Amino acid sequence: MRRIALFALCCGLLAPSSRAEEAKGLSEEAFAYVGGATLSMFYHELGHALIDTMDLPLYGPEEDAADTLAAVMSHMIWNEDGARRNARAFAQSWLASAAESEVGPEDYANAHALDLQRHYRQVCLFYGASPETRADFAEEFALPPARAENCEEEYAQADRSWGELLRERGEVEGERLVWSGPTADLTKDPIAALLAQEVEDVNEVFSQTEEISVRIQACGEANAFYKPEEKSVVICREFVDYLTDQAEEMGF
Ligand SMILES: [Zn+2]
């Protein structure tokens, strides 16, 4: 029987400080940022994968549901330091992305919420999962009080949907996530190493209904995808590079 207590043991081993020495070329802060944002995007894409492979019903936009899974997974499977790292990185990445571009009609028409909305939603969910211990996080990102007062209920709703599903998948045997590359020595590729380890750790705490492959590869754009036709999650190498450039611009 796998329970949340096991979740807490799992990925805390990957606390950024313990991996920083492997992050050739990245400062500890930069590794925390790039790694945290990459993992959060991986969880987002895994949300699409679960919606597809489990044929989950949706009562709202799929992109919002996938972002919600990212927040719930990080809270459930990481210890506090790791969860903070992921939440901070994801929130910072949406802030940075929002600062880089002006919002136009195509953004309002996009299936994704606006970058700043995604930012505040991540801050709200992370804070709402434990308001008594994470008030400083809400304060750091200037979460407006009018939103903050509902965040505990917002996270509770997320826990009743994704959280319940993850707990159920932690109780049953099933299929696995499969790391599909790069597969060579990853000591010089710390973000790929982090993601490959995360795939293994996720397999330790819950199962899939179908095998889902996960890889980092060049795709010609700074993005990430779930490909339903091949049941695979792809984090583009260019997305990792984009985050790395952002980290440098942030002074990490
Ligand atoms: Zn998406």
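On a predicted model such as this, the values are computed, not experimentally measured, just so you know.

A. Geometry of the overall build of the protein. Across its full length, the protein holds 12 helices and four strands. At 17 Å, the protein has a C-alpha radius of gyration in line with the 18 Å of a compact globule built from 252 residues. Seen along its three principal axes, the alpha-carbon backbone of the protein occupies a region of about 45 × 40 × 35 Å. Put simply, the protein has 252 residues, and 51% of those count as buried. Total accessible area on the protein stands at roughly 11600 Å², and carbon and sulfur atoms take up 51% of it.

B. Quick look at the coordination of the zinc ion. Note on the zinc ion: its protein donors are His44 (NE2), His48 (NE2) and Glu63 (OE). The metal-donor distances range over 2.0 to 2.1 Å. Taking the relative accessible area as the measure of exposure, histidine 48 reaches 9% and is therefore buried. Owing to a relative accessible area of 15%, glutamate 63 belongs among the buried residues under this scheme.

C. Summary view of the pairing of strand E4 (residues 232-236). Burial within E4 is extensive, with five of its five residues counted as buried. Alternating positions in E4 separate into two faces, Ser232, Val234 and Cys236 on one and Val233 and Ile235 on the other, with burial throughout. Summarising the sheet, strand E2 (residues 212-217) and E4 pair through five bridges and their orientation is parallel. In the sheet register, valine 214 faces E4, and the bridge partner there is valine 233. Between strand E3 (residues 224-227) and E4, which pair antiparallel one after the other, the connecting turn spans four residues, and lysine 231 there sits at a positive phi close to 50°.

D. Summary view of the sheet that holds E3. Strands sit in the order E1-E2-E4-E3 across an open sheet of four strands; the sheet is mixed. Bordering the open sheet on either side are strand E1 (177-179) and E3, each of which pairs with just one other strand. Pairs of neighbouring strands in the sheet enclose a mean axial angle of 20°, with direction left out of account. Across three bridges, E1 lies against E2 in parallel orientation. Counterpart to tryptophan 179 in the pairing with E2 is valine 214. Sheet contacts for helix H3 (residues 28-53): E1, E2, E3 and E4; angle to E3, the most-contacted strand, approximately 20°. Across the face of the sheet, helix H12 (residues 237-249) comes into contact with E2 and E4 while running at roughly 40° to E4.

E. Inspection of the layout of surface pockets at higher detail. A volume near 800 Å³ is recorded for the largest pocket. Lining the largest pocket we find 31 residues, and of these Trp94, Ser97, His112, Asp115 and Arg118 sit closest to its centre. Those elements that place two or more of their residues in the lining of the largest pocket are H3, helix H4 (62-77), helix H5 (80-100), helix H7 (115-128), E3 and H12. Looking at the lining of the largest pocket residue by residue, the classes come out as 15 nonpolar, nine polar and seven charged. Space inside the second largest pocket adds up to approximately 410 Å³. Taken together, 18 residues make up the lining of the second largest pocket; nearest its centre are Leu58, Ala65, Thr68, Ser161 and Trp162.

F. Examining empty space enclosed by the protein more closely. Per the counting criterion, the structure on display carries one cavity of 30 Å³ or more. Here the largest cavity is characterised by a volume of approximately 90 Å³. Taken together, 13 residues make up the lining of the largest cavity; nearest its centre are Ala70, Ala71, Ser74, Ala87 and Gln122. Residue assignment for the lining of the largest cavity shows that the elements contributing at least two residues are H4, H5 and H7. Sort the elements by how many residues they give to the lining of the largest cavity and H4 lands first, with four residues. Taken together, the residues of the lining of the largest cavity break down into nine nonpolar, four polar and no charged.

G. Highlighting the side chain of serine 93. Examined against the element boundaries, serine 93 turns out to sit in helix H5. For serine 93, a relative accessible area of 9% gives the class buried. Of note is the side chain of serine 93, whose polar atom sits 2.8 Å from the backbone oxygen of phenylalanine 90.

Conventions we followed
- Residues numbered from 1 in each chain as written.
- Predicted model: local features only at pLDDT ≥ 70, side-chain atom pairs only at ≥ 80, totals over all residues.
- Heavy atoms only, no water.
- Helix = DSSP H or I, 4+ residues; strand = E, 2+ residues; numbered from the N terminus.
- Rg over C-alpha atoms; globule rule 2.2 N^0.38 Å.
- Buried < 20%, exposed > 50% of the residue type's maximum accessible area, 1.4 Å probe, protein only.
- Areas by Shrake-Rupley, 256 points an atom, 1.4 Å probe, with all protein chains shown as cover.
- Donors = N, O, S within 2.8 Å, 3.2 Å for Na, K, Ca; no water.
- Pairing = 2+ DSSP bridges.
- Axes fitted to C-alpha atoms, helices over the stretch in contact; angles between N-to-C directions.
- Contact = heavy atoms within 4.5 Å.
- 1 Å grid on protein atoms, 1.4 Å probe; cavity = no way out; pocket = protein on both sides within 12 Å on 5 of 7 lines; lining within 4 Å.
- Points joined across faces, edges and corners; volume = space filled by probe spheres on them.
- Nonpolar A, V, L, I, M, F, W, Y, C, P; charged D, E, K, R; others polar.
- Polar contact = N/O pair within 3.5 Å; in protein donor to acceptor, adjacent residues only side chain to side chain.

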